[in-house]
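A structural walkthrough
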Amino acid sequence: MSAYHPDQERAVRLLHRIRDWHKSALISEAQRDRMAADLETGLRRTNMFLRATMFVFGLMIALAAAGLMGALLEPGNSTVWMLAAVAAAASLAASAFLVNTYHLYRFGIEEAFAVAGIFFVAATIGFAFEPLRDVSGDTAIGFAFAGAAVAAFIVFFHFGFVYAAVIAMACAAVAPFEFVDDDVPRRLIAAAILAALFFAARLQRGDLGDEFPGDNYAVIETAAWGGIYFI
Amino acid sequence: MTTLETLDRWQASGVISAEQHALLRSLVRHERFSVFVEISALLYIGVVATAGGLLWTFRDVVANLGHVAILSLFAVFIGGSLYYCFTRGGAYTNDEVEPPSLIFDYVLYFGCLTFSGLLAYLEVQMGVFRGWETHLLSAAAVFGALAYRFDNRFVLSLALSTLAGYLGLSLELFDTIDTDRLRYYAMGYGLVVTAIGYGLYRQGIKRHFLDVYLHLGANAFLLATVSGVDSANGWLYLSLLLPLAAALIYLGVRFDRFAFVAYGTLYGYAGLSIKLLNAIGSPTLSLAYLVITGSLVVIGLVVMSRQFARNG
């Protein structure tokens, strides 16, 4: 299901360690070069500043393109969810296309489309459940958060963006606040969701330690634990 | 293949020695691990909390203790910090110097924050200088001197931002006051800071401080010009902004300073778009503009990044 092979993920992490080891004078420059050459992943990466810049522009393009479609098609209240669904599908497809075709890895642009896709999934569900507003005030928003959580988890499992898992947990924890009116039960439900995610991540991590994907699950564990405190 | 298996393979093929293999293996298995970042973060939080707590306490108990007692306590804290730094720190040198201990930088930072507290106390309680300008200028001078004496980029940033405060250049002012005069101050500040940093770099004095000057100077100048694009003299600001943004992108690529490529791209695009979107007017055309030009920028960045791509 993942867009990257586990060996590629491990190699990328090992390349980071090799740089650290070289900076700490634990290995020589020649050794660093030989080790790095041995870890050919076939992935295309960039530095963090260009990654951040491309993320900003990618997000702007995705949102502006959806807005442009809306301005041209002028959907009504009952059909606007279809526009959001098309935008979600297009964003996620664009992200997958960039990764599969150009082998981008944490390049910024594919991450922006994936994050935009999560947002559009939430918008789709929110608009689709809009008629329920007459029954219960915030139900549509609750479903939107739940949908965003599912979409973000799919993005995490497919692309490995660990911040997508954190977004997913945040959305999953916020959703009960829209469904339940009483303060104590909704906090308990949110805490229970985060606790379940914490234990799920703990089980997945097992004895992996910092070895991929253990490092990702460690972040999820930490975020879930912090979220329980926050709630 | 796991990291440990890869290390075993490298040892078997002679890439690393047995000693290196044992050391790297212990690091990977977390038999040894660094807590430098965690301890540094705790020290920083501790210093800020202690300095803030001191000020809070002094403010609340001023009526009970009196000025003499509080000023004496300030003197003890500041004097103690500086005594520690001057006795433990090495002699001044123009080159980069490692701090003699883990807590050294934080003791210095605590001394600087307490000095700021002393100035604030003097102004609030006694109105010594009848205004904050003198306080900020003297604090900036003291912080700058200490930053160079003890080779501390953190304190240098504090000095330069305090200097910006002296010039009336806080972000809060930027948000609330929309005048050309403020922008000229900000642009002048950016140029002066950059010139000082470059001049000291050319003289060989703490050359590693140059990045601090350049980041602050570039952001102050670019922020001032971008904020002015929508004003009456918008074309003037834009004519300053665009060549500078282009120069930053060129120099950033040339000297492997990609933060400046990001600054040039983001500020340049923002400034140009503010002007063009105002001229376009129509929401549909504006959205089309964002999609098309945004895509062009991304394509440009991808093409540029091919020169220094981290493939593999």
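About the criteria used
Residues numbered from 1 in each chain as written. Chains lettered and ligands numbered in written order. Predicted model: local features only at pLDDT ≥ 70, side-chain atom pairs only at ≥ 80, totals over all residues. Heavy atoms only, no water. Domains from an automatic or database assignment. Contact = heavy atoms within 4.5 Å. Buried area = accessible area lost by both parts, 1.4 Å probe. Phe/Tyr/Trp six-rings, centres within 6.5 Å; stacked < 30°, edge-to-face > 60°. Buried < 20%, exposed > 50% of the residue type's maximum accessible area, 1.4 Å probe, protein only. Salt bridge = Lys/Arg side-chain N within 4 Å of Asp/Glu carboxyl O. Polar contact = N/O pair within 3.5 Å; in protein donor to acceptor, adjacent residues only side chain to side chain. Helix = DSSP H or I, 4+ residues; strand = E, 2+ residues; numbered from the N terminus. Axes fitted to C-alpha atoms, helices over the stretch in contact; angles between N-to-C directions. Parallel < 35°, antiparallel > 145°, perpendicular 65-115°, else oblique. Left-handed = near helix turned anticlockwise from the far one by under 90°.

A short note on the domain arrangement of chain A
Residue and element names in this part refer to chain A. Domain assignment breaks chain A into domain 1 (6–167) and domain 2 (180–231). The C-alpha centroid of domain 2 is placed 21 Å from the C-alpha centroid of domain 1. In this assembly, 12 residues from domain 1 lie in contact with 10 residues from domain 2. Around 890 Å² of area is buried between domain 1 and domain 2 when both sides are counted, 69% of it from carbon and sulfur atoms. When the buried surface of domain 1 facing domain 2 is broken down by residue, Arg-10, Arg-13 and Val-162 rank first, second and third, together holding 43% of it.

Focus: the packing of aromatic side chains
All names here are of chain A. One pass over the structure, following the stated rule, counts 29 aromatic pairs over all chains. An angle of 85 degrees between the planes, with centres 6.0 Å apart, marks the rings of Phe-97 and Tyr-102 as edge-to-face. A relative accessible area of 47% means that Phe-97 is categorised as partly exposed. Taken together, Phe-153, Phe-156, Phe-157 and Tyr-217 form an aromatic cluster joined through their ring pairs.

Examining the interface of chain A and chain B
Across the contact, 42 residues belong to chain A and 43 residues belong to chain B. Here chain A and chain B share an interface that buries about 3600 Å² over both sides, 67% of which is from carbon and sulfur atoms. Our enumeration of links across chain A and chain B arrives at one salt bridge. Remark: the boundary between chain A and chain B carries seven residue pairs in polar contact (both at pLDDT 80 or more). Those elements that place two or more of their residues in the side of chain A that touches chain B are helix H1 (6–23), helix H2 (29–37) and helix H3 (48–73) of chain A. Among the elements that line the side of chain A that touches chain B, the one with the most residues is H3 of chain A, at 14 residues.

Side note on the packing of helix H12 (residues 258–280) of chain B against helix H13 (residues 283–305) of chain B
Residues and elements named next belong to chain B. Where H12 meets H13, the axes come as close as 11 Å, and the angle between the chain directions of the two elements is 160 degrees. When the interaxial angle is binned, H12 and H13 end up roughly antiparallel. Between H12 and H13 lies a crossing whose hand is right-handed. Contacts from Val-261, Thr-265, Tyr-269, Leu-272, Ser-273, Leu-276, Leu-277 and Ile-280 in H12 reach Leu-285, Ser-286, Tyr-289, Leu-290, Thr-293, Gly-294, Val-297, Leu-301 and Met-304 in H13.

Examining the side chain of His-21 of chain B
Residues and elements named next belong to chain B. As for its position among the elements, His-21 is in helix H2 (residues 18–28). On the basis of relative accessibility, which here comes to 10%, the residue His-21 falls in the buried class. A polar atom in the side chain of His-21 sits 3.4 Å from the side chain of Gln-11. Ignoring anything within four residues of it in the chain, the contact list for His-21 reads Leu-7, Asp-8, Gln-11 and Ile-16.

Considerations on the packing of helix H5 (residues 104–126) of chain B against helix H7 (residues 153–166) of chain B
Residue and element names in this part refer to chain B. At a minimum axis separation of 10 Å, H5 and H7 run at an interaxial angle of 20 degrees. On the basis of their axis angle, the class for H5 and H7 is roughly parallel. By crossing handedness, the relation of H5 to H7 is classed as right-handed. Within the contact between the two elements, H5 uses Leu-108, Tyr-109 and Cys-112 and H7 uses Phe-154, Val-155 and Leu-158.

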